[in-house]
Each structure stands twice: as C-alpha cells, then as structure tokens.
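# Report on the structure
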Amino acid sequence: MTQEAGTQNRGSGTAEESARATALLAAQGRAAALFAEIGSRGLVAPGRGEREVSDAVRDLAHEMFGVRRYWHKRIVRSGPNTLQPYRQNPPDRILAEDDIVFCDFGPLFEEWEADFGRTFVLGDDPVKHRLRDDLPVLFEAGRRHFAARPDITGEELYAEVVRLAEAAGWGFGGPHSGHLLGEFPHETVDGAEIDSYIAPGSARPMRRTDGQGRRCHWILEIHLVDRERGFGGFHEELLDLGHDVPAFF
C-alpha cells in the first residue's frame, strides 16, 4: 500500500464505516429489486418512447420504495442512442422491435445513493445478445483486477477496462468507467475533479479516504459499443463492496 493510502486510511475500520457500507449495499439491493420489477412488468417494450419508459420507472420506484429524488438524470437509451456517453442528451426515441436498450438510474434511498445500470435486448439479434451477456462478465473481470491490486489508481483501472472491452471485440463508450458514490450529496463529482472518476489522469489510489475522513466507495461502469453496427450496452453497480471484495483498509 502506498504511503498516501496508508496514511489516509488509518483508523478507518470503525463501526461507522461498516454501517455506511451496509447502507450502500442495501440501497443497491433496492435498485436491483427495482430493475427486476422493470423486467417482470415489461416496462421496456417496443413502441414506447425512452422518456415514457423513464417516467414509468420513476413511478415504479415511488410505488415500491417511496423514491422521490435522483442524484443524477434518469437515462433510458435505445438503438443508436446507446452509443452516447452520459453527458450527451440525444433526442427521445421510440423503442423498436429488435432494439437494444439500457437504463441508468441513480435513486436516493433516504440519504443513500444507488447507481445501477442494466441492458435489455428486445429481439433475437445474436450480436446484441452477445454484447448484453458480455457486460456482466467484463464487469466481474474489472472487479477482480481491482481486488487484486491494493494500490490501483483510477487511471489504471480505466486502462484495464478498456483493454478488456477491446479484447472481447468491443469498443469502450465512455471517457470514464465509474465514479465515487456515498451519502447524498457525496464528495464533488464533476469534470474538474478528475480524482472523483475512474478515468485517465485519476492518479491517486482508489482505496483512500475522502475530505471528511470516510472511505471512498466506487461505482464501476462498463459501456460497450459496436460503432460499426450502431449500438451499445451499459452495466454498472458498486465496485468495492459486495462479492467479498477485499478492502485493504
């Protein structure tokens, strides 16, 4: 462990930190339950507009968990819109019979942030199905890479995620592959604070504490694209919590 990480992480193994981790995992569990219900109710369906689906998910989240706020914009993207990174705002599009669609929502469960993304394939296109199926596989490969390297930086993990995508035959669709997550509002995440992202130029160890002395927790995003065929897919969830990922604190 680097001197920086070791100094910042001193004394972080507290009951408070354990409670924070439990709360973040509970928020993610609710988000996963929400997405399971999206699938079971068939909310992502041909003939519906992206905004219509987004509003239906918003209403479902309120019905299931009383969610009223989201810490980032709600995203439903289909077809060529799935090539666009987060900061873009492509025009609303109607879902087609043979579409690929991804949803990215950041609901607030009380004061705790969740950030969850999944991809749906509406037709039988084998390439779209392969892309969707590769997303969780590459996520877990990225998580294993993170887990095995106590001193890993954001830029190092980003480079590995891009390498994994290309090795699987896909492009990578985003300028970053994740970000900090925590209580709302968490430590500033914006374009001027590159260390808040898993991205080129993010050179500090990811296992560190924030300005308030709390452990940093991270979301990992996998955005695969096939630019030649004109579509992509997206998968995100907590990187450093769950699945017995060692914390090295």
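Attention here is on the structure that accompanies the text.

How each quantity is defined
- The numbering scheme is per chain: residues are counted from 1 as the chain's sequence reads.
- With the structure being a predicted model, the display of local features is reserved for residues of pLDDT at least 70 and the display and counting of side-chain atom pairs for 80 or more, all residues being used for whole-chain, interface and lining totals.
- Side-chain metrics rest on all non-hydrogen atoms present in the structure, leaving aside hydrogens and water.
- Ring pairs shown here join Phe, Tyr and Trp side chains whose ring centres sit within 6.5 Å, with only the six-membered ring taken for Trp; geometry is labelled stacked below 30 degrees between planes, edge-to-face above 60, and tilted in between.
- By definition, any uninterrupted DSSP run of H or I lasting at least four residues is a helix, any uninterrupted run of E lasting at least two residues is a strand, and each is numbered from the N terminus.
- To sort residues, take the accessible area from a 1.4 Å probe on protein chains only and compare it with the maximum for the residue type: under 20% means buried, over 50% means exposed, and anything in between is partly exposed.
- In this scheme, a helix's expected span is set at 1.5 Å multiplied by one less than its residue total.
- Definition of a polar contact: a pair of N or O atoms within 3.5 Å, with one able to donate and the other able to accept a hydrogen when the atoms are protein atoms, and with sequence-neighbouring residues admitted only if both atoms are side-chain atoms.
- Only the stretch in contact is used when fitting a helix axis, every axis being a line fitted to C-alpha atoms; angles between N-to-C directions are given from 0 to 180 degrees.
- A clockwise turn of the near helix away from the far one marks a right-handed crossing, whereas an anticlockwise turn of less than a right angle marks a left-handed crossing.
- Any pair of residues with heavy atoms lying within 4.5 Å of one another is described as a contacting pair.
- We call Asp, Glu, Lys and Arg charged. Ala, Val, Leu, Ile, Met, Phe, Trp, Tyr, Cys and Pro are nonpolar, and the rest, Gly among them, are polar.
- Reported orientations rely on four angle classes, namely roughly parallel under 35 degrees, roughly antiparallel over 145, roughly perpendicular from 65 to 115, and oblique for the rest.

### A short note on the packing of aromatic side chains
On inspection of all chains with the given rule, the structure shows 6 aromatic pairs. Arranged with centres 5.1 Å apart and planes meeting at 70 degrees, the rings of Phe35 and Phe116 form a pair that is edge-to-face. With a gap of 81 residues between them, Phe35 in helix H2 (residues 15–40) and Phe116 in strand E5 (residues 116–121) connect regions that are remote in the sequence. For Phe35, a relative accessible area of 6% puts it in the buried group. On the basis of an interplanar angle of 35 degrees and a centroid distance of 5.2 Å, the ring pair of Phe102 and Phe234 is categorised as tilted. One end of the pair, Phe102, is in strand E2 (residues 100–105); the other, Phe234, is in strand E9 (residues 231–238), and 132 residues separate them in sequence.

### Considerations on helix H4 (residues 126–147)
In a regular helix each residue adds 1.5 Å, so 22 residues correspond to 32 Å; H4 covers 32 Å between its end C-alpha atoms and thus fits that length. N-capping of H4 is provided by Asp125, with a side-chain oxygen placed 2.8 Å from the backbone N of Val127.

### Focus: the side chain of His179
Along the polypeptide, His179 turns up in strand E7 (residues 178–181). Within the local environment of His179, its side chain forms a polar contact with the side chain of Glu221, the two groups lying 3.3 Å apart.

### Quick look at the packing of H4 against helix H5 (residues 154–167)
Contact geometry for H4 and H5: axes closest at 10 Å, N-to-C directions at 145 degrees. Crossing handedness for the pair H4 and H5: right-handed. Every residue of H5 that contacts H4 at Leu138, Ala141, Gly142, His145 and Phe146 is listed here: Leu157, Glu160, Leu164 and Ala165. Tallied by class, residues from the contact of H4 with H5 come to 6 nonpolar, 2 polar and 1 charged.

### What to know about the packing of H2 against helix H3 (residues 50–65)
Two elements in contact, H2 and H3, have axes separated by 10 Å at closest approach and are oriented at 125 degrees. Relative to H3, the element H2 is oriented oblique. Handedness of the H2/H3 crossing: right-handed. Across from Arg30, Ala33, Leu34, Glu37 and Ile38 in H2, the residues of H3 making contact are Val57, Leu60, Ala61, Met64 and Phe65.

### Here we look at the environment of Pro90
Checked against the element boundaries, Pro90 lands in the loop between strand E1 (75–78) and E2. Spatially, the C-alpha atoms of Pro90 and Pro80 are 9.4 Å apart, while their sequence positions differ by 10 residues. The contact partners of Pro90, leaving out residues within four places of it in the chain, are Arg77, Asn81 and Gln84.

### A few points about unusual backbone geometry
The backbone of Glu110 shows a phi angle near 60 degrees, a positive value even though the residue is not glycine. Within the secondary structure, Glu110 is located in the loop between strand E3 (108–109) and strand E4 (112–113). Of the residues examined, Glu110 reaches a relative accessible area of 61% and is grouped as exposed.

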